[in-house]
Amino acid sequence: MIRRTLYLIAIALLALLYVMPVAAQPQQPGPWFFKVDGGGVHQSEADLKDGTGDFSKDRWFVSAGLDYAWSRRDSIGISVGGGKSNYDFSDDADFAGGDPWNKIHDSRVSLNGRFGFGETGSIFIIPTLRFNGEKDASSNDSRTWGVFGAVTWRVKESLTIGPGIGIFSRLESGTKFFPILAIDWDINDRWNLSTGRGLASSQGPGLTLSYELNDDWSFGIAGRYENVEFRLDDEGPAANGVGKDKAIPLVFSANLTPSKKIDLSVFAGVQFSGKIKLKDAMDEVVDETKYDPAMLFGATFEFRF
């Protein structure tokens, strides 16, 4: 029921994206900003290091957001999104009996706030509520919360930098913390280093180095730490347990910006240091294994209104 409500909210936001620009007469830059973004990624077969067999993964995610900016440095907003990760374990895979999980659903609602202070300072805060689990897993047991926060200063026109932190609850007991470097640095007229974004940015920091070829095209290399956990349903080798997937993807991207309202990107790369783990409902480890580096291919989009 909760997931269905989130999807209905997303549909309502999408409707606003199409209705409100038409209703606004005339079209002028204003305090309201709308965005739809998303994409998909395919991970090729990765051999399991501590057993036999392999697995591959396909993932997609779409979200819609609405922001209100009452000044150049101050804004608040909301984003609602959903997606799915499809895991495909080979027939000879022996991890947790060969079929620990399959389709993982991901729904989330995020708020975001940006508030300026002093001459050059800004505070960013993004609290998020997530539901991550198999289709028939309990929504209450699939729920986690988290927040990204950062304080930055514009050191000079070309550099904004500051410390940040991520705080997330776990599907098991406990809370995890990790540091973040918030940075937006125009190294020169074409090169930029900035805090990275992943597909539906999971719980982990990243960095992106990009090169602007011209007004339409740019190229980049991005790396981040991905850490995903999800609740399992009441079937399988760990009924009502928790699955985990950790890795470090490094990708090269080509980005097309045909207008100020559209960003399109394709990327390819390799996922390193992969590890999957399965725990039962009593928080006991059923099985875990590292997996070999795997190729990644994907594309993302962003439309702004």
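Rules and cut-offs
- Residues numbered from 1 in each chain as written.
- Predicted model: local features only at pLDDT ≥ 70, side-chain atom pairs only at ≥ 80, totals over all residues.
- Heavy atoms only, no water.
- Helix = DSSP H or I, 4+ residues; strand = E, 2+ residues; numbered from the N terminus.
- Buried < 20%, exposed > 50% of the residue type's maximum accessible area, 1.4 Å probe, protein only.
- Polar contact = N/O pair within 3.5 Å; in protein donor to acceptor, adjacent residues only side chain to side chain.
- Salt bridge = Lys/Arg side-chain N within 4 Å of Asp/Glu carboxyl O.
- Contact = heavy atoms within 4.5 Å.
- Phe/Tyr/Trp six-rings, centres within 6.5 Å; stacked < 30°, edge-to-face > 60°.

Describe the environment of Asn214, and please don't skip the residues or the numbers.
Tracing the sequence through the fold places Asn214 in the loop between β10 (206-212) and β11 (217-224). With relative accessibility at 33%, the residue Asn214 sits in the partly exposed group. For the pair Asn214 and Arg190, spaced 24 residues apart in sequence, the C-alpha separation works out to 8.6 Å. A distance of 2.9 Å separates a polar side-chain atom of Asn214 from the backbone nitrogen of Asp216. In this structure the side chain of Asn214 is engaged in a polar contact, spanning 2.8 Å, whose partner is the backbone nitrogen of Trp217.

Describe in detail the pattern of salt bridges, supporting the description with residues and values.
If charged atoms from side chains of opposite charge come close, those side chains can pair. Summed over the entire model, instances satisfying the criterion amount to eleven salt bridges. Close ionic contact of Asp106 with Arg130 constitutes a salt bridge, the shortest N to O distance being 3.4 Å. Within this pair, whereas Asp106 is found in strand β4 (residues 103-117), its partner Arg130 is found in strand β5 (residues 121-134), the two being separated by 24 residues in sequence. Judged by its relative accessible area of 6%, Asp106 falls in the buried class. Look at Arg130 and you get buried, because its relative accessible area is 6%. The shortest N-O distance in the salt bridge between Asp263 and Arg304 comes to 2.7 Å. Here Asp263 is found in strand β14 (residues 262-279), whereas its partner Arg304 is found in strand β16 (residues 294-304), with 41 residues between them in sequence. If you follow the salt bridges from partner to partner, you end up with Arg59, Asp106, Arg108 and Arg130 in one network.

Could you give an account of the side chain of Ser56, with specific residues and numbers?
Among the secondary structure elements, Ser56 is positioned in strand β2 (residues 54-71). Ser56 gets classed as buried once you look at its relative accessible area, which sits at 8%. If sequence neighbours within four positions are ignored, Ser56 has contacts with His42, Gln43, Ser44, Glu45, Asn86, Tyr87 and Asp88.

Would you mind going over the packing of aromatic side chains in detail, with residue names and values included?
Summed over all chains, the structure comprises 20 aromatic pairs. Aromatic side chains Trp32 and Tyr68 sit 5.0 Å apart centroid to centroid with 50° between the ring planes, which places their arrangement in the tilted category. Of this pair, Trp32 sits in strand β1 (residues 32-47) while Tyr68 sits in strand β2, placing them 36 residues apart in sequence. Exposure remark for Trp32: the relative accessible area of 45% places this residue in the partly exposed category. Relative to Phe89, the ring of Phe55 lies with its centre 5.3 Å away and its plane at 25°, an arrangement referred to as stacked. Taken together, the positions of Phe55 in strand β2 and Phe89 in strand β3 (residues 74-89) put the pair 34 residues apart, joining distant regions of the chain. The pair Phe55 / Phe89 is uniform in exposure class, with both members buried. Linked through ring pairs, Phe55, Tyr87, Phe89, Phe95, Trp101, Phe230 and Tyr291 together constitute an aromatic cluster.

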